[in-house]
Each structure stands twice: as structure tokens, then as C-alpha cells.
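In case you want the letters, here they are:
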Amino acid sequence: MTYDRSLPRAVRQRMPRARDVAREVAEQHGVCIRPIALQRLDTHTGQREIIDVPCGATLDAVCPPCAKRNRQLRMAQCREGWHLDHEPTITPDEPDDEQRWLIEFRADMQAKRDQADQAGKDTADLDAIITGLDEEINTAGMRGNVLAGASGKRNRSTRRRQDAPDLPQRKMANTTLGRTFASSGGNVYRPSLFVTLTLPSYGKIRDGVPVDPDTYDYVRAARDALHFSKLVDRFVQNLRRVAGYDVQYFATVEPQRRLAPHLHMAVRGTLPRAEIKQIAAATYHQVWWPPADRVVFEGDRPPVWDNGVGYLDPGTGEVLPTWDEALDQLDADESAQPMHVIRFGAQVDVKGILAGTPDADQCIRYLSKYLTKSLGGGWNPNHRAQRRHAERMLEALRLEPCSPTCANWLRYGIQPKAAKSGMVPGQCRGKAHKPDHLGYAGRRVLVSRKWSNKTLAEHRQDRRTWVLEALGQPDEPTDPHRYVWKPVPAGDANVPPLAVRLLRAVAERERWRAHMAELQARADGQDLSANREEAA
Ligand SMILES: [Zn+2]
Ligand SMILES: [Zn+2]
């Protein structure tokens, strides 16, 4: 885009840039504004093409239109599974397309990074992408673990078993469906639950901030946020034991104003409210990590790396215990205490919901309300006390170990798992330490495997199939090895400017919309949604 140079500078500066206009138009049309250009090689035809993939289909950090779209997909997923009236078929536990795609993409990025490195170029950007992808791959792989239960590789003695023996137990029935109730008029009711679970108090809160920041337990708040997902796992295990069937759920992790995560959960089937509260009260998780309460090495005197040996005490030159050694020591110590024990707070909210009622719809909207926002957001940076509170929370998190591989273990005199040179305590790049996550690095949406019997990718595919069928272009099953995707290097001459790509995507979207509207009109009263049911 060229500007008329004869215009005064002030006028030129007020002219919106083409790219900004294109972005605005794209946003209005719900089109991705940060598309990722990928080269697609069709191995059947040998044809190479540059395809824009919406950012929302790949990475976690997505543009607003993609976030909105993903939220709508999540709502559809929540709705489909909540009051299921037939048993879903078993879902194979193989890597889904999303995971496979991420791993291929990761390999490509690594190759690119290594090339740049060899050519003596700056690799900082690529390194950042690779770190992000690694986190993505890890969380994609961990998704199933929410249900898999605790299958720690190390054998703990029975005194460390974490079940809650005081809870009632029903005989296990091989079903995922909740009970139904029939009225005398022959109507069948399918009740379910909407549960909200909250973490305990760390100190009195007023207007979202601690009344007394100096006595507010920031360390406890940080550790609870770091291990929150484990507590949710335990809750689900206990819930199933008490309920006596394979309870399915769709849950979202949301921020509270006091900057603690809490959980909203749509549960299929129903239990007495008092029992849910009893389960929440009895559920806990012990973190069997080495102690991290005594600082051994301050920031100005961190342990030093020795190639082939590991991290050494900077004063004595002694090798620090490795992660495995520290765990062995913990196991051998009869009097050892868990590094942290996490429980829910007293505030448990349980609501009974009937299928197909406005109540159910309202809950689904509520469940997905904050999905487009980050966990760390929501506080006002101009509000002094809120900013101070967020800063103190981040500072507590900065020094807490986020995982066995966290550099912060050096501060407590232990070599992190898979230790390598260059680790600096207080500077771990793990997601959990970042302001957008505030300790919780897990998935925002937790869906049990037999919920709607579909992954998010399949829900996305559903929509695509439906649209293609409506257009009279059956979506043929594709050979999964047909296409090879490669990232396109930045500045590649084959990629048009972003403004052009965005406007193209808008035109495409409009063409489809118009076509769909035409079909709808032609269908002459025929209900398209019925076709959709059949297609599913
Ligand atoms: Zn996007
Ligand atoms: Zn860390």
C-alpha cells in the first residue's frame, strides 16, 4: 500500500493502514486474523500449495475470532454430552490428529532452528515457538490423564495412599449414563448436575484483594494453583466410586477475582447434593516432592554446572543430589511429609439441572463464559491494590518449583530432573510461572473420554462435513498420509501480504455463506438440521 507523499504527515498518520482495515473486516466476519501459512504437498498429485491454517486450529494462544469459534465448538461439545441417553462407543486412545500435527510441525521447526543456528543466525524466535509447541504437545498428551488415575511409576508405601476411606461406595455399574425418572404422565426426566468447586481461603479478601497482604498465604495459593489439576483428578475418582458408575463430565477452569483458579463442572447424571459436598470435603492430593521450604542457595550464589557431572554446590564443589536421588531419600524416610497437601475450600455449589431446559443452556453459557480470557487476566492494572496482589502472587510463583524439571529446584539444593547447563532459579520458562497462567498450566477445558464421544477436532470436522454435504460436495475420507505440511519461512515471496490473505478469507467465508443461504432457501422448508443429525 502506498500513500500519497504530498499529504501532510499528520494526515497520513491518521489514515488507517490497509492491514488494520483488513484485520477489522476479518474480525467482523469471524475470520482468523493471525493465520499460519503452511505449505501443503499433495503426495497423490505432487502439487504444492500454500494454505492458511486458522491459528485456533493449532496453538493455544489464539486470535479473538478463533477464540470465539473455539468457544462455540466447546459449547456444542458440552451440550452434546451432558444428557446423552445412549451409551457412547469406546474411544480408542491413539494420538489424535491434533497431536500428530503438532509433533510433525515441531520436527519441522527444529530442523529450521538447527539450520538457522548453523548459518549463525539468531534463533530466539524459533526457540520461543519450539518451547510453545513442546508445552502444547505435553498438554495434548496429558489430556487423557485426567481420567487415567494416579499411576505413579514409583511405588509408594500404603501409608501414602491417598484414598478417602470415609466416603460411601456403591457397587460399580458398567454405564456412563445417569438415572432417569418417569413422571406419572409418562415423561422421562434426565437430571444432571452443575458443580462449582473452589480452593480454600488464603486470607480475608475484600474487593478481590487481600485485606492484609502481609498475612495472606501467597505460597499456599501458588502451590494450590500449581497442583490444582491433580486435585480435580482425585475428585473425579472419588465421585465415580461414590456414584457407582463411570461418571462423565465437562469442566472448565476459570479465574476468580482473588486470582485463584476454580472449577465449573457439568456432570452427567445426578447424586444427592450432600454427597457431592461430602466428596469435595474428603478429597485431597498429596504432592510427594522433595521439600522446598528451606532456601539452600540464594539467587546471587546459584549452583554451578559442570559438564558430565551436573550441578555443584558453589562453595564446597560437592555434587547436588539428582532428582531421582532426592525422591529415593524421600521414600526411605519414614517420617517424611508431603511437600504440599491440597484440598478444596468449603464453598461448594451444586445445582440440579434437567435436560433441555433454559437452565441447562444458561449453565453451558456460564461454563464457557471466560474461555476467551486468560487465567491471569481480569484484574485492573490501574487499580493499585489489584496490581500489587497480582505482583505478589507472581513473585511467589516465580520461586516455586512448577514441575520436576523446574530450574527452581536448584534454589532448594536439588538438581532438577533432566538437568542441563544454563538453568537459573527464578527464571524457569514454564507456563505456570507466567502472568497469563498464574500457576495453572493445565488445560482450561477438561472433558472426560466418554462425554460426547468426540474430540474437539471431531466436532470441528462435524461442522465441515455438514457444510460440505449441504453444498453437495461429500467430504470423502482422506488418506491421512496424503498431505505433507511444512511451515513456510518468514518473508517467503509466495505468501501474499497479510491484508490480502485476510480479505481473501473474508471473501471465501462470504461466498460460502451466500451459497448456504441459497441452499437453505431452496430446501423450501426442509429442515437442514435433520440432515445434520443423519450425517453425524
Ligand atoms: Zn486465529
Ligand atoms: Zn518452573
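Here the structure is a predicted model, which is why all the values come from computation and not from measurement.

## Focus: a nonpolar patch on the surface
Judged by side-chain polarity, Phe-181, Tyr-189 and Leu-354 come together as a nonpolar surface patch covering roughly 240 Å² of accessible area. Of note, Tyr-189 is situated in strand β4 (residues 188–189). Exposure remark for Tyr-189: the relative accessible area of 36% places this residue in the partly exposed category.

## Overview of the coordination of the zinc ion (ligand 2)
Protein coordination of the zinc ion (ligand 2) is provided by Cys-402 (SG), Cys-406 (SG), Cys-428 (SG) and His-433 (NE2), with donor distances spanning 2.1 to 2.3 Å. For the zinc ion (ligand 2), the 4 donor atoms in the first shell make angles of 102 to 116 degrees at the metal, so the coordination geometry reads as tetrahedral. Mapping the donors of the zinc ion (ligand 2) onto the primary sequence yields the spacing C-x3-C-x21-C-x4-H. With Cys-406 in the loop between α12 (384–399) and β15 (445–447) and Cys-428 in the loop between α12 and β15, this residue pair connects regions lying 22 residues apart in the sequence.

## Concerning the sheet that holds strand β9 (residues 261–267)
Taken in spatial order, the 5 strands of this open sheet run β14-β5-β9-β8-β15, and their pairing is antiparallel. Lying at the two open borders of the sheet, with one neighbouring strand each, are β14 (348–354) and β15. Averaged over all adjacent pairs, the angle separating strand axes in this sheet is 15 degrees, with direction ignored. Relative to β9, strand β8 (residues 249–255) runs antiparallel, the two sharing 7 bridges. Each bridged residue has a counterpart across the sheet, and for Phe-250 the counterpart in β9 is Ala-266. Relative to β9, helix α8 (residues 228–243) is tilted by about 30 degrees, and along the sheet it contacts β5 (191–197), β8, β9 and β15.

## Observations regarding the pairing of strand β2 (residues 48–53)
On any regular strand, side chains alternate: one points to one face of the sheet, the next to the other face. Bridge count between strand β1 (residues 36–42) and β2: 6 bridges; the pairing is antiparallel. Note on β2: the bridge partner recorded for Leu-41 is Arg-48.

## Concerning the pattern of salt bridges
Pairing is possible between side chains that carry opposite charge, provided their charged atoms lie close to one another. All told, the structure shown has 17 salt bridges when counted by the stated rule. For Glu-49, the salt bridge goes to Arg-40, with nearest N and O atoms at 3.5 Å. The shortest N-O distance in the salt bridge between Arg-501 and Asp-52 comes to 2.6 Å. Within this pair, whereas Arg-501 is found in helix α14 (residues 498–522), its partner Asp-52 is found in strand β2, the two being separated by 449 residues in sequence. Taking the relative accessible area as the measure of exposure, Arg-501 reaches 12% and is therefore buried. A single salt-bridge network, built from bridges that share partners, covers Arg-223, Asp-293 and Glu-400.

## What about the sheet that holds strand β16 (residues 483–487)?
Spatially, 3 strands are ordered β2-β1-β16 in an open sheet, and the strand pairing comes out antiparallel. Because the sheet does not close on itself, it has two edges, and the strands there are β2 and β16. With strand direction ignored, the average angle separating the axes of adjacent strands in the sheet is 35 degrees.

## Here's the deal with α14
In a regular helix each residue adds 1.5 Å, so 25 residues correspond to 36 Å; α14 covers 36 Å between its end C-alpha atoms and thus fits that length. Looking only at α14, the buried set comprises Leu-498, Ala-499, Arg-501, Leu-502, Val-506, Met-516 and Leu-519.

## A few points about the side chain of Glu-400
Secondary-structure assignment places Glu-400 in the loop between α12 and β15. The buried category is assigned to Glu-400, whose relative accessible area is 4%. In contact with Glu-400, other than residues within four places in its own chain, are Val-219, Ala-222, Arg-223, Leu-226, Met-339, Cys-406, Asn-408 and His-433.

## Observations regarding the packing of helix α7 (residues 218–226) against α12
Look at α7 against α12: their axes get within 9 Å of each other, and the N-to-C directions meet at 70 degrees. The angle between α7 and α12 places the two elements in the roughly perpendicular class. In the packing of α7 onto α12, the handedness of the crossing is right-handed. Along its contact with α7, which presents Tyr-218, Ala-221, Ala-222 and Leu-226, the element α12 presents His-389, Arg-392, Met-393, Ala-396 and Leu-397. Among the residues making up the contact of α7 with α12, the classes are represented as 7 nonpolar, 1 polar and 1 charged.

## Considerations on the nonpolar core
Ranked by internal contacts, the top residues of the largest apolar core, which has 62 residues, are Phe-235, Leu-263, Met-265, Leu-271 and Ile-276. A per-element tally of this core places α8 first, with 8 residues. Setting aside residues up to four positions removed in sequence, Phe-235 forms contacts with Leu-197, Met-265, Ile-276, Ile-279, Ala-280, Thr-283 and Phe-344.

## Observations regarding the confidence of the model for the chain
Predicted confidence across the chain gives a mean pLDDT of 81, with 78% of residues reaching 70 or more. Averaged pLDDT values for the elements of the chain fall to 30 in helix α6 (residues 145–148) and rise to 97 in α7.

Rules used in this analysis
- Residues numbered from 1 in each chain as written.
- Chains lettered and ligands numbered in written order.
- Predicted model: local features only at pLDDT ≥ 70, side-chain atom pairs only at ≥ 80, totals over all residues.
- Heavy atoms only, no water.
- Patch = residues over 30% accessible without salt bridge, like charges linked within 9 Å, V, L, I, M, F, W, Y side chains within 5 Å.
- Areas by Shrake-Rupley, 256 points an atom, 1.4 Å probe, with all protein chains shown as cover.
- Salt bridge = Lys/Arg side-chain N within 4 Å of Asp/Glu carboxyl O.
- Helix = DSSP H or I, 4+ residues; strand = E, 2+ residues; numbered from the N terminus.
- Buried < 20%, exposed > 50% of the residue type's maximum accessible area, 1.4 Å probe, protein only.
- Donors = N, O, S within 2.8 Å, 3.2 Å for Na, K, Ca; no water.
- Tetrahedral: all angles 85-135°; square planar, octahedral: opposite > 155°, others 65-115°.
- Pairing = 2+ DSSP bridges.
- Axes fitted to C-alpha atoms, helices over the stretch in contact; angles between N-to-C directions.
- Contact = heavy atoms within 4.5 Å.
- Expected span 1.5 Å × (residues − 1).
- Parallel < 35°, antiparallel > 145°, perpendicular 65-115°, else oblique.
- Left-handed = near helix turned anticlockwise from the far one by under 90°.
- Nonpolar A, V, L, I, M, F, W, Y, C, P; charged D, E, K, R; others polar.
- Core = buried A, V, L, I, M, F, W, Y, C linked by side-chain atoms within 4.5 Å.
- pLDDT = per-residue confidence, 0-100.

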